[in-house]
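Take a look at the letters that make up each chain.
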Amino acid sequence: MSNMERWCGGCVLVLSCLLQTFSAYSDFYTSIGQMTDLLYTEKDLVTSLKNYIMVEEMKLKQVKQWAEKMDTLSATATQDPEGFLGHPVNAFKLMKRLNTEWGNLENLVLKDSAEGFISNLTLQRQHFPTDEDQTGAAKALLRLQDTYRLDTNTISTGDLPGVTHKSLMTVEDCFELGKIAYSEVDYYHTELWMEQALKQLEEGEESTVDKVTVLDYLSYAIYQQGDLGRALELTKKLLRIDPDHQRANGNLKYFEFQLIKQRKAQADEAKKAQVEDKDKKRRKRQPSDASKKKAFKEPVPERKMYEMLCRGEGVKMTNRRQSRLFCRYYTNNGNPSYLLSPAKQEDEWDRPYIVRYHDIISHSEIEKIKELALPKLKRATVHDPLTGKLTTALYRVSKSAWLTGYDHPMIDQINQRIEDLTGLEMDTAEELQVANYGVGGQYEPHFDFGRKDEPDAFKELGTGNRVATWLFYGTAVFWYNLFPSGEGDYSTRHAACPVLVGNKWVSNKWIHERGQEFRRPCGLTEIA
């Protein structure tokens, strides 16, 4: 596996081209790196549970032996009770058993061998994921399903591209995913996952979830999406299994009534359309504005473009534009650090201009950065355009940490490397940010710079706007967010695709305007 694969595990893209310890004990789903701790927690609980089972089995073995012994003794004694008790030893032992040994057995049975396991479970529970984590992980699966156009069966069978540890989803798993979608009033995904749960039940999978419950959710989700006919069919199917189901009986009457109304409305609409069609034929038809506009291609909505790029579709560079991109050995005008060993620089894109640096960070440096960042990871934040303050957001699912030379001298070395190659001042740049993405982790389309409607975006830093971005993910890419005039370059809008498989780590350096006055002089025109 290459350094890039170890470092990234996912892709970063620009919309006009290709382009985050149990410190908080929250938002586990936003960082795969911190979720690994949960596996060791669960392993410890399994060990504790197995110890409890072993103690219980030993106790049960003793009780079973006592029962077998007493069964044999009682059978013999009751055949001739007087003769049996006529032996003084037997009489003595009966008194002893009833006065002492049965009491000992009672103590054995009442002994709470679960105390150790329960104590450990209670201790670990404070570090367990919350309902928010479960919902977040569920939404991540739904996000991956939509972005990469995965069908429910593909996800349920664990047949994802590049997986190492294949995992099957049970009926209960599918049902739970559907229920979470239902609670979010997401009837589209409720339908998909209730259908998958029903499919697996009908294929014979054993489950604590029954068909009636699944059909109840499924029929309602389909009704909410406007398909009354199918909702009615599923309700009838439910009632064939459970004729006394109160809600289904009520829904049956309601759906039938609504379906009659719907069909009548459709018939009236069809008649109206026929009349209008005849009327149109009588009039001389003129080209409508809509038909004139057909020659112009409608722009693709940003969300759709984002998902297309994540699937490897969308914007492609022409051969002519590609021919203008080159690779080179780069010294940044003879910087002493790169005279003997120039950096490998590649033109990644032309508008905006993005360059990539190969072999610019070593595997040992990557691992050290991850080691330093892991215990400091906290939920990644974004700038609220209304308040100018940092806040969490659903469109950024990751955790991040900030590193300086105080954490390790290597961080200063990396900062110096960025300065040597970009020629920009690092003293006014933000600290090195390290991000680890979570389940389906993403960062939806955004700009790194503050726009004109966000005048206070970086006011607290006092270093001006973000002039440029340097991003490590095995290799590194660099681009300017602002034109030399200080105006924002809106073609730098970029995003991070949802992580389908793997553990994605990236690191970036946001470079600010202050200190660049002589390193990147201001231009005289708006975009120069």
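Keep in mind that this is a model prediction, so the values were computed, not measured. (Residues numbered from 1 in each chain as written. Predicted model: local features only at pLDDT ≥ 70, side-chain atom pairs only at ≥ 80, totals over all residues. Heavy atoms only, no water.)

1. Concerning the overall build of the protein
The condition that has to hold: Secondary structure elements follow DSSP: runs of H or I no shorter than four residues count as helices, runs of E no shorter than two count as strands, and numbering proceeds from the N terminus. The size measure is the radius of gyration over C-alpha atoms, and the globule rule it meets is 2.2 Å times the number of residues to the 0.38 power. Only protein chains enter the accessibility calculation, which uses a 1.4 Å probe; a residue whose area is less than 20% of its type maximum is buried, one above 50% is exposed, and one in between is partly exposed.
If you tally the helices and strands in the protein, you get 17 helices and 14 strands. Taken over the C-alpha trace, the protein has a radius of gyration of 34 Å; the compact-globule value for 528 residues is 24 Å, which it surpasses by more than 25%. Projected onto its principal axes, the C-alpha coordinates of the protein cover approximately 120 × 85 × 40 Å. Counting only residues that meet the buried cut, the protein has 41% of its 528 residues in that class.

2. Observations regarding the packing of helix H8 (residues 171–183) against helix H10 (residues 211–224)
Rule in force here: Whenever a helix is involved, its axis is fitted only over the stretch in contact; in every case the axis is a line through C-alpha atoms, and angles between N-to-C directions fall within 0 to 180 degrees. Here a crossing is called left-handed whenever its near helix is offset anticlockwise from the far helix by less than a right angle, and right-handed whenever the offset is clockwise. We call two residues in contact when some of their heavy atoms are within 4.5 Å. Polar here means any residue other than Ala, Val, Leu, Ile, Met, Phe, Trp, Tyr, Cys and Pro, which are nonpolar, and Asp, Glu, Lys and Arg, which are charged; Gly is therefore polar.
Their axes nearest at 11 Å, the elements H8 and H10 cross at an angle of 35 degrees. In this structure, H8 meets H10 at a crossing whose hand is left-handed. Residues Phe175, Lys179 and Tyr182 of H8 form the contact with H10, whose participating residues are Thr213, Val214, Tyr217 and Tyr220. Class assignment for the residues of the contact of H8 with H10 results in 5 nonpolar, 1 polar and 1 charged.

3. Description of the nonpolar core
The tendency in soluble globular proteins is for nonpolar side chains to be buried as a group. Cut-off, in case you're wondering: Grouping buried Ala, Val, Leu, Ile, Met, Phe, Trp, Tyr and Cys residues that are joined through side-chain atoms within 4.5 Å yields what is termed a nonpolar core.
Residues Trp193 and Val214 are the most contacted members of the largest nonpolar core, which totals 39 residues. Val214 has contacts with Phe175, Met194, Ala197, Leu198, Leu201 and Val209, leaving out every residue within four places of it along the chain. Membership of the second largest hydrophobic core comes to 34 residues, among which are Ala343, Ala429, Leu432 and Phe478.

4. Some words on the pattern of salt bridges
We count it as follows: When a carboxyl oxygen of Asp or Glu lies within 4 Å of a side-chain nitrogen of Lys or Arg, that pair is called a salt bridge.
Inspection of every chain in the model, using the stated rule, returns 27 salt bridges. Lys237 is paired through a salt bridge with Glu202; the nearest N and O atoms lie 2.7 Å apart. With Lys237 in helix H11 (residues 228–241) and Glu202 in helix H9 (residues 187–202), this pair connects stretches of sequence that are 35 residues apart. Overlapping salt bridges, with partners in common, bring together Glu191, Glu195 and Arg230 in one network.

5. Looking at the state of the cysteines
Here is the rule: For this text, the term disulfide refers to a pair of cysteine sulfurs within 2.5 Å.
Scanning the model with the defined rule gives 1 disulfide in all. The residue that forms a disulfide with Cys310 is Cys497, at a sulfur-sulfur distance of 2.3 Å. Its S-S torsion of about -95 degrees marks the bond between Cys310 and Cys497 as left-handed, since a negative value means left-handed. A residue pair is termed long-range when its members are at least 10 positions apart, and Cys310 in helix H14 (residues 302–310) and Cys497 in the loop between strand E13 (494–496) and strand E14 (505–512) qualify at 187 residues.

6. A few points about the UniProt feature "domain: Fe2OG dioxygenase" (unreviewed entry) in the protein
As a reminder, the rule being used: UniProt positions are given in the numbering used here, feature names are shortened, and annotations may be inferred rather than shown by experiment.
Per the UniProt record, "domain: Fe2OG dioxygenase" (unreviewed entry) is annotated on residues 428–513. Taken as a whole, residues 428–513 contains 0% helix and 41% strand, while its terminal C-alpha atoms sit 8 Å from one another.

7. Brief notes about the packing of aromatic side chains
Each aromatic ring pair is specified by the distance between its two centres and by the angle formed by the two planes. Selection criterion: Geometry of aromatic contacts follows a simple scheme: Phe, Tyr and Trp rings, the Trp one being its six-membered ring, pair when their centres are within 6.5 Å, and the pair is stacked under 30 degrees between planes, edge-to-face over 60, tilted otherwise.
Tallied over the full model, the rule gives 20 aromatic pairs. Relative to Tyr223, the ring of Tyr220 lies with its centre 5.9 Å away and its plane at 50 degrees, an arrangement referred to as tilted. With Tyr220 and Tyr223 both in helix H10 and 3 residues apart, this pair spans about one turn of that helix. A residue is classified by how much of its surface remains accessible, and Tyr220, at 27% relative accessible area, is partly exposed.

8. Some details on H10
Rule in force here: Here, expected helix span is obtained from the residue count minus one, scaled by 1.5 Å. As used in this structure description, the phrase polar contact means that two N or O atoms lie within 3.5 Å; if the pair is within protein, one of them must be able to donate a hydrogen and the other to accept it, and residues adjacent in sequence are counted only when both atoms belong to side chains.
Helix length check: H10, at 14 residues, gives a terminal C-alpha distance of 20 Å against a target of 20 Å (1.5 Å per residue), a fit within 8%. By the burial criterion, the buried members of H10 are Val212, Val214, Leu215, Asp216, Leu218, Ser219, Ala221 and Ile222. Between the side-chain oxygen at the start of H10 and the backbone nitrogen of Val212 there is a gap of 3.1 Å, and the oxygen is on Asp210. Looking one or two places after H10, you find Gly226, whose phi comes out positive at around 95 degrees.

9. Observations regarding the side chain of Arg520
Spelled out, the test is: Neither His nor the chain ends contribute to the count of charged residues, in which Lys and Arg are positive and Asp and Glu negative.
Looking at the secondary structure, you find Arg520 in the segment after E14. In this structure Arg520 is buried but unpaired, with Asp489 as the nearest side chain of opposite charge at 7.6 Å. Among the polar contacts made by the side chain of Arg520, one reaches the main-chain carbonyl oxygen of Leu482 at a distance of 2.8 Å. If sequence neighbours within four positions are ignored, Arg520 has contacts with Leu424, Val467, Tyr480, Leu482, Phe483 and Pro484.

10. Observations regarding the packing of helix H6 (residues 131–147) against H8
We count it as follows: Working definition: roughly parallel below 35 degrees, roughly antiparallel above 145 degrees, roughly perpendicular at 65 to 115 degrees, and oblique for all remaining angles.
Between H6 and H8, the shortest axis-to-axis distance is 10 Å and the interhelical angle comes to 95 degrees. Taken together, the axes of H6 and H8 lie roughly perpendicular to each other. Mapping the contact onto sequence places Gln134, Thr135, Ala138, Leu141 and Leu142 in H6 and Glu176, Leu177, Ile180 and Ala181 in H8. Within the contact of H6 with H8, the residues separate by chemical class into 6 nonpolar, 2 polar and 1 charged.

11. Brief notes about the side chain of Asp420
Mapped onto the elements of the fold, Asp420 is located in helix H17 (residues 409–422). Buried and without a salt bridge, Asp420 has Arg417 as its closest oppositely charged side chain, separated by 7.4 Å. Look past the residues within four positions of Asp420 in its chain and what remains in contact with it is Asn332, Asn335, Ser337 and Tyr338.

12. Brief notes about unusual backbone geometry
Here the residue pair Arg351 and Pro352 is connected by a cis peptide bond, since its omega of 0 degrees sits within 30 degrees of zero. Positionally, Pro352 belongs in the loop between strand E3 (343–349) and strand E4 (354–358). With phi around 50 degrees, Arg149 is a residue other than glycine that occupies positive phi space. Turning to its location among the elements, Arg149 is positioned in the loop between H6 and helix H7 (152–156). Note on Arg149: relative accessible area 60%, which makes it exposed. Of note in the backbone geometry, Asn333 takes a positive phi value of approximately 60 degrees without being a glycine. Among the structural elements, Asn333 can be located in the loop between strand E2 (327–330) and E3.

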